[in-house]
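Descriptive analysis of the structure
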Amino acid sequence: MATATATLNTAAEATSQTGALTMAKPAGGDLAPASPTPTQGFSLFSIKESTARLLAQPSVRKLLPFISVGVVLLFFALTYAWVTATPYRPVMPNLQEADQQAAFDALKNNDFQPKIDAQSGQITVPSHRFHEARIFLASQGIPKAGATGLEALRDHSSMTTSQFMEQVKVNTAMQQELARSIMQIGTVQSARVHLALPKQSVFVRDRTPPKASVVVTPQQGRVVSPAQVQAIVHMISSSVPYLAPENVTVVDNVGKLRTESATDMKLA
């Protein structure tokens, strides 16, 4: 009985000491911070420990040089594939949407490996087969769009057409012909020409001078030089009656006025 009583007293004392330690505060008056639980930082330490254990295995340490060589070879292979990638070039930049499907199917069926450019939506082929693809499409009658330029006047002639419509067709044909001539320049990818041709009076002092504006899109990675802009201005002014060179405006595809640079070069 005495032994049981002593045991109970000892347990009570231990309980009171534990409670006193639990309620004790540090000198600053704040409760002591709780010790970190075993789960805190588990993921970081577990990854490090797992990696260390994996690398410590004899079989892995033997294979580690081969793995390093494989990673290096893979890096060089990807770099070589990126550097030697086949460059692609738009096969027909101004191809109408009605002809794009026929052109893509024809090129694909004849192993030209065509691709659709994600930015411009144009059909592209490998650069070394560019001319071959154009010749092939021409043999297939592509593009099949209607005639343009002066060729269109032969297909739309009619006795019932008014004089106004005839003049509109002539102006449109002249614009298309001039645009086709501008696109013969190597740095120009596409061009559009707009002519303002007022009806001329029989009196010289009452004549209104015609004007022209040109929008040029250069080839990717290339620019239209001021000398080429000046050549475009003189070509258009020489093709339209009473059109002075100073009344021709050339703008690029980003909206930059190019005739200013050509004029400055001429004055210099």
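A brief structural summary. Counting from 1, residues in each chain are numbered in the order their sequence is written. This being a predicted model, a pLDDT of at least 70 is required before a residue's local features are given, and a value of 80 or more before pairs of side-chain atoms are given or counted; all residues contribute to the totals for chains, interfaces and linings. Excluding hydrogens and water, the side-chain values take into account all heavy atoms of the structure.

The term nonpolar core refers to a set of buried residues drawn from Ala, Val, Leu, Ile, Met, Phe, Trp, Tyr and Cys, joined through side-chain atoms within 4.5 Å. For every residue, the accessible area (1.4 Å probe, protein chains only) is compared with the maximum for its type, and the residue is labelled buried under 20%, exposed over 50%, or partly exposed between those bounds. Membership of the largest hydrophobic core comes to 19 residues, with the highest contact counts inside it found for I182, V193, V214, V216, I232, I236 and V250. Those residues in contact with V214, other than ones at most four positions away along the chain, are I182, R192, V193, I232, I236, T249, V250 and V251. Contacts: residue pairs with any heavy atoms within 4.5 Å of one another.

This part takes up the sheet that holds strand β1 (residues 88–90). Read across the open sheet, the three strands follow the order β1-β3-β2; overall the sheet is antiparallel. Two strands close off the open sheet at either side, each with one partner strand: β1 and β2 (115–116). Whether two strands pair comes down to DSSP finding at least two bridges between them. A run of H or I in DSSP becomes a helix once it reaches four residues, and a run of E becomes a strand once it reaches two; helices and strands are each numbered from the N terminus. Here β1 runs beside strand β3 (residues 123–126); their pairing, made up of three bridges, is antiparallel. Looking at β3, one finds that P90 is bridged to T124. Packed on one face of the sheet, helix α4 (residues 97–109) meets β2 and β3 and runs near 20° to β3. To get an axis, a line is fitted to the C-alpha atoms, and for a helix only the part in contact is used. The angle between two axes follows their N-to-C directions and goes from 0 to 180 degrees.

Time to look at the packing of aromatic side chains. Here the aromatic set is Phe, Tyr and Trp, taking the six-membered ring for Trp, and pairing holds for ring centres within 6.5 Å; pairs whose planes are under 30 degrees apart are stacked, those over 60 apart are edge-to-face, and all others are tilted. Following the criterion strictly, the structure yields two aromatic pairs and no others. With 5.8 Å between their ring centres and 70° between their planes, F75 and F76 make a pair best called edge-to-face. The exposure class of F76 is exposed, given its relative accessible area of 55%. Charge-over-ring contacts are defined here by two conditions on Lys NZ or Arg CZ: a distance within 6 Å of the ring centre and an angle within 35 degrees of the ring normal. Sitting over the face of the ring of F130, R89 holds its NZ or CZ atom 3.8 Å from the ring centroid. Positioned above the aromatic ring of F112, the side-chain terminus of R129 is 4.2 Å from the ring centre.

The subject of this paragraph is a nonpolar patch on the surface. Patch definition: residues with relative accessible area over 30% and no salt bridge; like charges joined within 9 Å; nonpolar side chains (Val, Leu, Ile, Met, Phe, Trp, Tyr) joined within 5 Å. To measure how exposed things are, a 1.4 Å probe is used in the Shrake-Rupley method; for residues, cover is taken only from the protein chains shown. A carboxyl oxygen of Asp or Glu within 4 Å of a side-chain nitrogen of Lys or Arg is what we treat as a salt bridge. Together, L55, L63, L64, F66, I67 and V71 give the surface a local cluster of nonpolar side chains, amounting to about 600 Å² of exposed area. Examining the composition of the nonpolar patch, we find that five residues originate from one element, helix α3 (residues 58–83), more than from any other. Relative to the elements of secondary structure, F66 occurs in helix α3.

Right, let's get into helix α5 (residues 130–139). When we look at burial in α5, the residues that qualify are F130, A133, F136 and L137. Each buried residue of α5 sits inside an arc of 125° when the element is viewed along its axis, so together they form one side. Opposite the buried face of α5, at more than 90 degrees from it, the exposed residues are H131, I135, A138 and S139. Against β1, α4 and β3 lie the buried residues of α5. Phi for G141, located one or two positions after α5, is positive at around 75°. It is the directions from the helix axis to the C-beta atoms that the arc portrays.

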